[in-house]
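# Working through the structure, step by step
Next come the chains, spelled out residue by residue.
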Amino acid sequence: MKITDVVCHILQSKVEKPFVSARGWVYSTRASCVVEISTDEGITGWGECYGPAAVAKSIVDTQFKPRVIGKDPFDVEVIWEDLYNRIKDYGLSGMTISAISGIDIALWDICGRALNKPVHKLIGGAYRTEVIPYATGLYFIDMNRLTEEAVEEALEFKADGFRAIKMKIGLGDLKLDAARVGAVRKAIGPDIKLAVDANHCFSVPNAIKLGRMMEEHDLLWFEEPISPEDRDGYIEVSRALDMAVAGGENEFTRWGFRDIVARKAMDIVQPDLCAAGGFSECRKIAALASAFGVECVPHAWGSAIGLAATVQFLAALPDQPPAFRPMPPMLEFEQTPNPLRDHLATVPIALRNGVVPVPGGPGLGIEIDRSVLLKYKVA
Ligand SMILES: [Mg+2]
């Protein structure tokens, strides 16, 4: 089999109620760079790149597409290494790796379709047939009702059947953050797991101070307390707090994660399939984490393609550590309005009785609805 074409589609949709995280960015549109790879056997694979879609498309179109055409998609890791070596002099991390990720995911999708097996059967097998999702939400929308809206949204997730929720924090007032987390914990009760995500908005002392203020609320983890470049700072925060510290959604490749993992700067690393290097590289990151006793729980933010890839990856990720009653790695199931996540697949990845069944169909286990693709395609 030979690759005959690589096409990047930029999809974009408007967000009706714009929302904000601690970074202060207003999310008023959602966009994705979707990668479609065709072959001479009529098999098409789909991938997705994290980050600014026009940048990812430009890198794929100008740097990678000519190197990929004519190759055998089953040489997926050979292709990965070739693309990385092509770009690393000026792109060791960031958008270049996101661009490789989209290609890698599409190639694994092709391999699965060619063999009529889901990707998780090709990368180790099914440790599980369903994954436990956590709902990501509780952003800042109405600045006058920050606590009330968080409580309301958390109760909606609980009513939907979610067993775990991740809320955004980082309001520029530690007492307000702690009180808002406390209000959500009180509303959802002790049995729903609760994580917090600061999107790296705190200094080390403030992260430690807030962490201590939140300790009584039984948190699953404290995500991105501080800026990702400050690895020594992560060590300080992780050692100071009893709760788990997580991060890594903005880290790339095995080399990017190597020192974080080896120094145990975080308790949980969160590579994104669509950013950190696709299936090929995230498997290596997970193996690295396992060797150092660090958990790997992938980050996910994107369309149905990125979500499906994350579900396939999680299905093949061992319990960390194995146990009679394990605590399996959870799926980040982001819940802000996004038609690209909900409608791009003919059968969407969905919550059923508190879990997300792992699709058993070939490749990523989803089929792309081309009418939806065209509806949101802007380039
Ligand atoms: Mg995050």
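Data block above holds the structure.
These remarks concern the structure in this document. (Residues numbered from 1 in each chain as written. Predicted model: local features only at pLDDT ≥ 70, side-chain atom pairs only at ≥ 80, totals over all residues.)

### Quick notes on the packing of helix H5 (residues 146-160) against helix H6 (residues 174-188)
Direction vectors running N to C along H5 and H6 enclose 30 degrees, while the axes themselves pass 9 Å from each other. Crossing hand, H5 versus H6: right-handed. On the side of H5, the interface is formed by Leu 146, Thr 147, Ala 150, Val 151, Ala 154, Leu 155 and Lys 158, while H6 contributes Ala 179, Arg 180, Ala 183, Val 184, Ala 187 and Ile 188. Split by residue class, the contact of H5 with H6 holds 10 nonpolar, 1 polar and 2 charged. (Axes fitted to C-alpha atoms, helices over the stretch in contact; angles between N-to-C directions. Helix = DSSP H or I, 4+ residues; strand = E, 2+ residues; numbered from the N terminus. Left-handed = near helix turned anticlockwise from the far one by under 90°. Contact = placed C-beta atoms within 7 Å. Nonpolar A, V, L, I, M, F, W, Y, C, P; charged D, E, K, R; others polar.)

### Considerations on the sheet that holds strand S2 (residues 26-39)
Here 3 strands make up an open sheet; going across it, the order is S1-S2-S3 and the pairing antiparallel. Of all the strands in the sheet, the pair left with one neighbour each is strand S1 (3-20) and strand S3 (44-49). Taken over all neighbouring pairs, the strand axes of this sheet differ in orientation by 25 degrees on average, direction set aside. As defined by bridge partners, S2 adjoins S3 across 6 bridges and the pair is classed as antiparallel. Paired with Ser 38 across the two strands is Thr 44, which belongs to S3. (Pairing = 2+ DSSP bridges.)

### Some words on the nonpolar core
Formed by 118 residues in total, the largest nonpolar core has its most connected members in Val 35, Ile 103, Ile 165, Met 167, Val 269, Ala 308 and Val 311. Here this core takes 11 residues from helix H3 (residues 95-115), the largest share from any one element. When residues of this core are sorted by domain, at least three fall in each of domain 1 (3-117 + 370-376) and domain 2 (121-357). Filtering out sequence-adjacent residues up to four positions away, Val 311 remains in contact with Val 131, Leu 331, Ile 349, Val 356, Val 358 and Pro 359. (Core = buried A, V, L, I, M, F, W, Y, C linked by C-beta atoms within 7 Å. Buried ≥ 20, exposed ≤ 12 C-beta atoms within 10 Å, placed from the backbone. Domains from an automatic or database assignment.)

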